[in-house]
Amino acid sequence: MNPSRENGVGPSAAVVFAVALALRVGHVLALRDSPYFARPVLDAETYYWAARALAAGEGWAEAVYWQPPGYPYVLAALLRLAGPGFLAPRLVQAVLGALTAALTCAIGTRVFGRAVGLGAGLVVALYGVLIYYDGELLAPSLAVCLQMATLYCAAQAPAERAGRGWLATGLLGGLTAGVNAPALVLLPILAIAARRRAGWLLLGAAIAIAPVTLRNWTEGGELVLISSNTGINLYLGNNPRYDATVGMRPGRDWQALVRAPRLHGVSGAGPASRFFVERVTAYAAREPVGFLLLQARKLRLLVGGAEIPRNQELYPARAWSPVLRVLLWKVPGLAFPFGLLLPLAAVGLGVAWRRAPVLAASVVLLGLAVAAFFVTGRYRAPLVPLLALFAAAGVRWAAVEASVRARVAAGVVAVAVYLLANLGQGPMPLRMNSDAEQGLAHWLEREGRGPEAFALYERLAREAPSSFDAWYGVAQLARVLGQPAEAAAALVRIRGLEPEFLDTALLLARAGLEAGCGAEAEAFARRAMALDGRSDLARTLLREAQALRAGRPGGPPGGCPDRVFVAPFALAS
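Residues numbered from 1 in each chain as written. Predicted model: local features only at pLDDT ≥ 70, side-chain atom pairs only at ≥ 80, totals over all residues. Heavy atoms only, no water.

1. A short note on the side chain of K330
Then comes step 1: Looking at where K330 falls in the secondary structure, it is placed in strand 1 (residues 329–331).
Then comes step 2: The side chain of K330 is buried and forms no salt bridge, while E313, the nearest opposite charge, is found at 7.5 Å.
Then comes step 3: A distance of 3.0 Å separates the side chain of K330 from the backbone oxygen of Q425, its partner in a polar contact.
Then comes step 4: Only 3.2 Å separates the side chain of K330 from the backbone oxygen of P427, close enough to count as a polar contact.
Then comes step 5: Residues contacting K330, with those up to four places away along its chain left out, are A306, Y315, A335, Q425, G426, P427 and M428. (Helix = DSSP H or I, 4+ residues; strand = E, 2+ residues; numbered from the N terminus. Buried < 20%, exposed > 50% of the residue type's maximum accessible area, 1.4 Å probe, protein only. Lys, Arg positive; Asp, Glu negative; His and termini not counted. Salt bridge = Lys/Arg side-chain N within 4 Å of Asp/Glu carboxyl O. Polar contact = N/O pair within 3.5 Å; in protein donor to acceptor, adjacent residues only side chain to side chain. Contact = heavy atoms within 4.5 Å.)

This is the structure in structure tokens:
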């Protein structure tokens, strides 16, 4: 270790930490004006209520963890200490984000020198997307901080004679995977770097992960390493209808997909995950060209400058945060900040990977892990501090070490990557996505603000006439508000909606059979056949529906009751 580099870590990291913390606290305080601040939606809402249950001593709802449990447990601890409010967790995450920036600075200083460390740390401190996630009740803030702590320990471990450094590295790596499962790809890289001390690293990782695996075994009776959502996430990003499945959110079609394994006779969390993996492998074998083109498309999305939403659109948060208005934006020709970071990092990777092979391999494997599933800004966030390190290294090389010819070659590479990252990225969305707005409507409804929720449901239904979930909200709330005509009209719209996904059609056909509605069950079974003529289950349901109609051609007295269309969806909404 170079003593000059060692001496430069403390002051630089302190400056970076202070800058990062000030920006993140300012962002969080400004967010209090957002209607979403105290009303987390979609995944954030799921995390919040899971943490509330844990904080209240109610335990985990699932026998086998569906998602990596690390973040909900940490959030539960914060809620237990500070109460059920929404400010304290965000302020703690602001500290975690500042610590991530400081760790980036420390790693860069130790590996590349003080200038690179300070530059990379400031990039992370000022990076708008990371600031955004540090202000949301989502896992990236904790996951990225643990990841960089893991790599910081790995950078120090070779200097220690004993194996304690690698043991700590393994512990932190295992904890990172408990928050963000794809981070498991870092362990093989670190094991190779540890060489003869790899056993210590793997022991540390096993100690961290074992409680999660053991709990899955003791509570659910299944040997699931961390979580059981791997298969369905793999399927979402690897099927012929990528855009439709990736766009799924909690609602009718999502619940139909989740129930698909059970509908096909598969029970258990592990077998359900394998059910979806088998769907992916069948698609790859049946349509190899289409599968490979989809992988290429996802790699293109991975290097695109735009931030693809998963939980909520990122850019509309700029309306409440002056920090994000400066540090997160898109204009024609530049999606800032990723569209600028990536070209600089590409140069840095080309010239500095030999000095930091572990960091370079981490970039590649983490990127491929994201692309193997599906690409969103949230899943890409762990790449940012690593790319910042190489971007700073590339800038220093160009400014200090490179010859004129090398600078020209690097400029050509940077321009090519810049064009790839920024062209065709589309305009910056200024309004929140509809599924997030629907989540907001749910909160308003629960708070007793029925007219506001109803107006929001109505607007969403008008804007997306084929949205079952929006019309369902209109129908349910109209009844509560004493507007039977509006409720009836919404129910008519619901009945006229065709299921978009095979599993939805199968689910509805089954619901129709169970309620004795032969005609409706047959219609949905035929729709399933149209979506997939090779589905044995669709053919079986069609035969059962036709037999039901033959035995009871008129169906139940008075026709098929409304509950057939409402009750199955009540579970899905």
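2. A closer look at the packing of aromatic side chains
Then comes step 1: Evaluated as defined, the whole model comprises 16 aromatic pairs.
Then comes step 2: Plain terms: the ring middles of W49 and W443 are 5.9 Å apart, the flat faces sit at 20 degrees to each other, and that makes the pair stacked. Taken together, the residues span a long stretch of sequence, with W49 in helix 2 (residues 43–55) and W443 in helix 22 (residues 434–446) at a distance of 394 residues.
Then comes step 3: The exposure class assigned to W443 is buried, which follows from its relative accessible area of 8%.
Then comes step 4: With a centroid separation of 5.8 Å and an interplanar angle of 75 degrees, the aromatic rings of Y283 and F291 are classed as edge-to-face.
Then comes step 5: Here Y283 falls in the buried class, since its relative accessible area comes to 4%.
Then comes step 6: Members of the aromatic cluster, connected to one another through ring pairs, are Y48, W49, F86 and W443.
Then comes step 7: Stacked on the ring of Y65, the Lys or Arg R215 has its end atom at 4.5 Å from the ring centre.
Then comes step 8: Between the NZ or CZ atom of R380 and the centre of the ring of F338, over which it lies, the distance is 3.6 Å. (Phe/Tyr/Trp six-rings, centres within 6.5 Å; stacked < 30°, edge-to-face > 60°. Lys NZ or Arg CZ within 6 Å of the ring centre and 35° of its normal.)

3. Examining the packing of helix 17 (residues 338–352) against helix 20 (residues 383–401)
The description of two helices packed together rests on the angle between their axes and the distance between the axes.
Then comes step 1: At a minimum axis distance of 6 Å, the contact between helix 17 and helix 20 shows a crossing angle of 65 degrees. The angle between the axes of helix 17 and helix 20 places the two elements in the roughly perpendicular class. Taken as a pair, helix 17 and helix 20 cross one another with a handedness that is left-handed. Between helix 17 and helix 20, the residues in contact are F338, L341, L342, L344, A345, V347, G348, L349, V351 and A352 and V384, L387, A388, F390, A391, A393, G394, V395 and W397, respectively. (Axes fitted to C-alpha atoms, helices over the stretch in contact; angles between N-to-C directions. Parallel < 35°, antiparallel > 145°, perpendicular 65-115°, else oblique. Left-handed = near helix turned anticlockwise from the far one by under 90°.)

4. A short note on helix 2
Then comes step 1: With 13 residues, helix 2 ought to run about 18 Å at 1.5 Å a step, and its terminal C-alpha atoms sit 18 Å apart, in line with that.
Then comes step 2: Among all positions in helix 2, only D43, A44, E45, Y47, Y48, A51, A53, L54 and A55 are buried.
Then comes step 3: Looking one or two residues beyond helix 2, the residue adopting positive phi is G57, at roughly 80 degrees. (Expected span 1.5 Å × (residues − 1).)

5. A look at the environment of F454
Then comes step 1: You can see F454 is positioned in helix 23 (residues 450–463).
Then comes step 2: Taking the C-alpha atoms as reference, F454 lies 30 Å from L506; in sequence the two are 52 residues apart.
Then comes step 3: Non-local contacts of F454, meaning those with residues more than four positions away in its chain, are made with V474, L477, A478, L481, Q483 and E486.

6. Considerations on the side chain of D134
Then comes step 1: Within the secondary structure, D134 sits in helix 6 (residues 128–134).
Then comes step 2: Ignoring anything within four residues of it in the chain, the contact list for D134 reads R24, R90, Q93, A94, G97 and S141.

7. Here's the deal with the confidence of the model for the chain
Then comes step 1: Scored by pLDDT, the chain comes out at a mean of 90, with 95% of its residues at no less than 70.
Then comes step 2: Counted against residues more than four places away or in other chains, residues 554–558, with its pLDDT under 50, gives five contacts.
Then comes step 3: A low-confidence stretch, residues 562–573 (pLDDT under 50), is modelled with 32 contacts involving residues beyond four sequence positions or located in other chains. (pLDDT = per-residue confidence, 0-100.)

8. Description of the packing of helix 15 (residues 288–302) against helix 18 (residues 357–372)
Then comes step 1: One can describe the packing of helix 15 onto helix 18 by two numbers: an axis separation of 9 Å at closest approach and a directional angle of 125 degrees. The pairing of helix 15 with helix 18 is recorded here as oblique in orientation. Crossing of helix 15 over helix 18 shows right-handed handedness. Contacts between helix 15 and helix 18 involve Q295, K298, L299 and L302 on the former and, on the latter, G367, L368, V370, A371 and A372.

9. A look at a nonpolar patch on the surface
Then comes step 1: On the surface, a nonpolar cluster with roughly 350 Å² of combined accessible area is contributed by L171, W200, L203 and I207.
Then comes step 2: As for its placement among the helices and strands, I207 is situated in helix 10 (residues 198–220). (Patch = residues over 30% accessible without salt bridge, like charges linked within 9 Å, V, L, I, M, F, W, Y side chains within 5 Å. Areas by Shrake-Rupley, 256 points an atom, 1.4 Å probe, with all protein chains shown as cover.)

10. Side note on the environment of V19
Then comes step 1: Tracing the chain through its elements places V19 in helix 1 (residues 3–31).
Then comes step 2: Of the residues examined, V19 reaches a relative accessible area of 31% and is grouped as partly exposed.
Then comes step 3: A C-alpha to C-alpha distance of 8.0 Å links V19 and L126, two positions 107 residues apart in sequence.
Then comes step 4: With residues near it in sequence (within four places) discarded, V19 still touches A125 and L126.

11. Describing the pattern of salt bridges
Then comes step 1: On inspection of all chains with the given rule, the structure shows 19 salt bridges.
Then comes step 2: Note that E447 is salt-bridged to R39, the shortest N-O span being 3.0 Å. Of this pair, E447 sits in the loop between helix 22 and helix 23 while R39 sits in the loop between helix 1 and helix 2, and the two are 408 residues apart along the sequence.
Then comes step 3: Measuring nitrogen to oxygen at the nearest pair gives 2.8 Å for the salt bridge that ties R378 to D43. In this pair, R378 sits in helix 19 (residues 377–380) while D43 sits in helix 2, placing the two residues 335 residues apart along the sequence. Neither residue differs from the other here; R378 and D43 are each classed as buried.
Then comes step 4: Linked by salt bridges that have partners in common, R39, E447, R449 and E452 make up one network.

12. A look at the environment of L122
Then comes step 1: Tracing the sequence through the fold places L122 in helix 5 (residues 114–125).
Then comes step 2: For L122, a relative accessible area of 27% gives the class partly exposed.
Then comes step 3: Sequence separation between L122 and A388 is 266 residues, and the spatial gap between their C-alpha atoms is 8.9 Å.

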